[in-house]
Amino acid sequence: MADLSCGEFQETVSEYLVRHRSVLDVMSKLQEAGARVNRAVAKSVTSCGCLEVSAQKQKFPENATLADLKRMINSHISGELCPECREALETELGQMLFYIAALCAITGLDLDEIMMKEHDRLRMLGLFNLT
Ligand SMILES: [Zn+2]
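Worth saying up front: this structure is predicted, and the values here are computed from it rather than measured.

Moving on, we come to the overall build of the protein chain. A tally of helices and strands in the protein chain yields five helices and two strands. Shown N-terminal to C-terminal, the secondary structure of the protein chain runs as helices and strands in the order α-α-β-α-β-α-α. If you line up the protein chain on its principal axes, its C-alpha atoms span 55 × 40 × 30 Å. In the protein chain, the proportion of contacts linking residues at least 24 apart, taken out of those at least 6 apart, comes to 73%. Only carbon and sulfur atoms are counted for the fraction: they give 57% of the accessible area of the protein chain, which is about 9900 Å². In the protein chain, the 14 positive side-chain charges and the 19 negative ones have mean positions that sit 8 Å from each other.

Take a look at the structure:
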């Protein structure tokens with residue numbers, strides 16, 4: 001399982017892509033999947049309570065280095081996903097990956113290549129990438 005490449009994943013997705021072969025279906029399914037990912041995180045906070053969100057504007061000292069900033073940036077989340085919420089979020093993220101791979105297959109893009117390009121971009125940006 002650890003050896004599964006994005007290309008293999010995309011291939012499998014493409015084979016199963018029978019019912020929702022239309023790009024329009026895949027586009028709307030991808031968007032729905034994104035909404036369900038956010039919903040799963042929200043439910044961990046509001047229904048289950050295993051996660052808590054406490055957000056405020058982040059203030060950084062003027063003379064902080066980029067390395068300092070990286071350490072100080074807060075995710076605004078505390079707690080840890082319980083097994084049920086973890087499984088729910090994994091399932092929703094899996095669905096999102098499915099539709100991302102499906103969109104790649106339909107449009108002739110290569111998920112492996114996209115991941116490599118993004119990886120290279122991140123490595124080039126290094127610490128300057130604070131998004
Ligand atoms: Zn939970």
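Don't stop here, the text continues.
Within the first shell, the zinc ion binds the protein through Cys-48 (SG), Cys-50 (SG), Cys-82 (SG) and Cys-85 (SG), at distances of 2.2 to 2.3 Å. Here the zinc ion is ringed by four donor atoms whose angles at the metal span 104 to 118°, and the overall shape comes out tetrahedral. By relative accessible area, which is 16% here, Cys-50 ends up buried.

For the coordinates displayed, the defined rule picks out five salt bridges. The salt bridge partner of Glu-32 is Arg-36, with a shortest N-O separation of 3.7 Å. Within this pair, Glu-32 and its partner Arg-36 are both found in helix 2 (residues 23-48), separated by four residues, close to a single helical turn. Owing to a relative accessible area of 39%, Glu-32 belongs among the partly exposed residues under this scheme. With its nearest N and O atoms 2.7 Å apart, the salt bridge here joins Arg-121 to Glu-118. One end of the pair is Arg-121 and the other is Glu-118, both in helix 5 (residues 111-125) and three residues apart, which spans about a single turn. Take Arg-121: its relative accessible area is 41%, and that puts it in the partly exposed class. Residues joined by salt bridges that share partners form a network here, namely Glu-32, Arg-36 and Glu-92.

So, how was this worked out
- Residues numbered from 1 in each chain as written.
- Predicted model: local features only at pLDDT ≥ 70, side-chain atom pairs only at ≥ 80, totals over all residues.
- Heavy atoms only, no water.
- Helix = DSSP H or I, 4+ residues; strand = E, 2+ residues; numbered from the N terminus.
- Contact = heavy atoms within 4.5 Å.
- Areas by Shrake-Rupley, 256 points an atom, 1.4 Å probe, with all protein chains shown as cover.
- Lys, Arg positive; Asp, Glu negative; His and termini not counted.
- Charge placed at Lys NZ, Arg CZ, Asp CG, Glu CD.
- Donors = N, O, S within 2.8 Å, 3.2 Å for Na, K, Ca; no water.
- Tetrahedral: all angles 85-135°; square planar, octahedral: opposite > 155°, others 65-115°.
- Buried < 20%, exposed > 50% of the residue type's maximum accessible area, 1.4 Å probe, protein only.
- Salt bridge = Lys/Arg side-chain N within 4 Å of Asp/Glu carboxyl O.

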